[in-house]
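A look at the structure
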Amino acid sequence: MAYSEKIIEHYNNPRNVGSFDKNQDNVGTGLVGAPECGDVMKLQIQVNEEGVITDAKFKTFGCGSAIASSSLATEWLKGKTLDEAAALKNTAIVEELNLPPIKIHCSVLAEDAIKAAIKDYAEKKGVEVPGSLTAHH
Amino acid sequence: MAAPSSSRALAAPSIYTPAVQDAEALHFEKGALRPLPSPPPDHFAVFGLPQRLRISTEAVRDLYLDLSRRTHPDYFATADEAAREESLHRASTLNNAWKALRDPVRRAEYFLSLLAPHIESNKQAVPPSLLEEMFGIQEAGEDLREARLSGDGSRLDAAEKKAAGLRGEVTEAREALYRTLFEQFGRVDELLDAGEDSGSGAVQEALKEMRLTLDRMNYLRTVLRNLR
């Protein structure tokens, strides 16, 4: 299978690998998994008082597409408000990385991780969860 | 066919063996290969089995080997082109069916694709504690790989010890899940044997449970692979 150059680039030079202390109150943590393949992905956001994401980190145990998806997601999250971040869609990741159909679930995983991290942060802070997250489920 | 009642606490589950005559009639006609019907038989029917989860893999393997020998393309090397093609095609039909049925996890996945294709893996159904555990084990595997590269003997010893302990735990958890899976096989088969429709609520509920067990097994298989 031919992977796009962007996937390979993110896989070889993943951005923002690592973790924040999940007990800090300005940190939101999302831990999600893909039962189809057993991949696990942790994505964390650091948020300032204005509700803007100042930094993001991830650690993913999974295939190249899962790593690239989460790497790209952390890049995109920085500087976004929680509302903007909550509106990020996996389809944008699919487009940017040119993911093949059988790897689309990797981008879904990244979207799930973003949402889980925002929810975790909002619950911790006692602030309202962005509207686009409560619409589903 | 209902499982026979037994005086023992746990009734011995009925385990299906191939109906050899049915398989014979499906594959041969007067000693020659009979073309497969259209639509083609499912993987169970290829071996004269009903759509059930508890099957005797030994008996299926014996039949698979027997049919494979007798339909082998070598026997048809001098036959006409249609027969040669038929035999080639039959070899792959038999191989695919055996591959799908021999392993319980694959068999369960195939069974779900036949009887409940709409049941999807449910990410929400796996408890967060399991994910945290999986993540921790993955990190131990990463430590182990880094320790190997570090050239630091005591660090490697510690990482290997930890990995060995985790491997033991995961293996045990996996065995427990296999036992759960076999129990669920029994539940599904019993419902079907009792005449429940495969689309009925009870059967679909039992299949959902089975899906969850398979999902958990996927996580464990992946972490085990990364703990080497």
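Scroll up for the structure.
Along each chain, residue indices are assigned from 1 in the same order as the chain's sequence is written. The lettering of chains begins at A and the numbering of ligands begins at 1, in the order of writing. Local features in this predicted model are restricted to residues whose pLDDT is 70 or higher, and side-chain atom pairs enter the listing and the counts only when it is 80 or higher, whereas totals over whole chains, interfaces and linings include all residues. Heavy atoms throughout the structure, all of them, feed into the side-chain values; hydrogens and water do not.

Details of helix α6 (residues 128-150) of chain B
Along its 23 residues, α6(B) runs 33 Å from first to last C-alpha, staying within 8% of the 33 Å computed at 1.5 Å per residue. Along α6(B), the residues that are buried comprise Leu130(B), Leu131(B), Met134(B), Phe135(B), Ile137(B), Gln138(B), Ala140(B), Gly141(B), Leu144(B) and Ala147(B). Against the buried residues of α6(B) lie β1 (27-34), β2 (39-47) and β3 (53-61) of chain A together with α7 (153-193) and α8 (201-225) of chain B. Only DSSP runs of H or I reaching four residues or more are called helices, and only runs of E reaching two or more are called strands; each is numbered from the N terminus. The span one expects for a helix is its residue count, reduced by one, times 1.5 Å. Each residue is assigned to one of three classes by its accessible area relative to the maximum for its type, calculated with a 1.4 Å probe on protein chains only: buried under 20%, partly exposed between the two thresholds, exposed over 50%. Between two residues, a contact is recorded if the distance between any of their heavy atoms is within 4.5 Å.

Here we look at the environment of Ile137(B)
Residue and element names in this part refer to chain B. Looking at the secondary structure, you find isoleucine 137 in helix α6. Overall, the relative accessible area of 6% leaves isoleucine 137 in the buried class. As a C-alpha pair, isoleucine 137 and leucine 156 span 19 residues in sequence and 16 Å in three-dimensional space. The contacts of isoleucine 137, once residues within four sequence positions are left out, are Leu166, Val170, Val223 and Leu227.

As for the interface of chain B and chain A
With 15 residues of chain B in contact, the opposing surface of chain A contributes 17 residues. Once two parts are put together, the accessible area they lose, assessed with a 1.4 Å probe and summed over both, is termed the buried area. Taking both partners together, chain B and chain A bury about 1500 Å²; carbon and sulfur atoms supply 63% of that area. The largest per-residue losses of area from chain B upon contact with chain A belong to Lys123(B), Phe135(B) and Tyr219(B), which jointly make up 43% of the total buried on that side. Salt bridges, as used here, are contacts in which a Lys or Arg side-chain nitrogen is within 4 Å of a carboxyl oxygen on Asp or Glu. Summed over the shared surface of chain B and chain A, the result is two salt bridges. The term polar contact refers here to a pair of N or O atoms within 3.5 Å; inside protein, the definition further demands a hydrogen-donor-capable atom paired with an acceptor-capable atom, and it admits residues adjacent in sequence only when both atoms are side-chain atoms. Viewed at the interface, chain A and chain B are joined by seven residue pairs in polar contact (both at pLDDT 80 or more). Elements with a contribution of two residues or more to the side of chain B that touches chain A: α6 and α8 of chain B. No other element matches the seven residues that α6(B) contributes to the side of chain B that touches chain A. Residue classes in the side of chain B that touches chain A are distributed as four nonpolar, six polar and five charged. Note on residue classes: Ala, Val, Leu, Ile, Met, Phe, Trp, Tyr, Cys and Pro are nonpolar, Asp, Glu, Lys and Arg are charged, and everything else, Gly too, is polar.

Details of the packing of aromatic side chains
Residue and element names in this part refer to chain B. Working definition: a ring pair exists when centres of Phe, Tyr or Trp rings (six-membered ring for Trp) sit within 6.5 Å. Plane angles under 30 degrees give stacked, over 60 give edge-to-face, the rest tilted. What the rule picks out here adds up to seven aromatic pairs over all chains. Between the aromatic rings of phenylalanine 182 and phenylalanine 185, the centroid separation amounts to 5.6 Å while the plane-to-plane angle is 85 degrees, which identifies the pairing as edge-to-face. On the criterion of helical spacing, the pair formed by phenylalanine 182 and phenylalanine 185 is a turn pair, its members being three residues apart in helix α7. The structure contains a cluster of three or more aromatic residues connected by ring pairs, namely Phe44, Tyr110 and Phe111.

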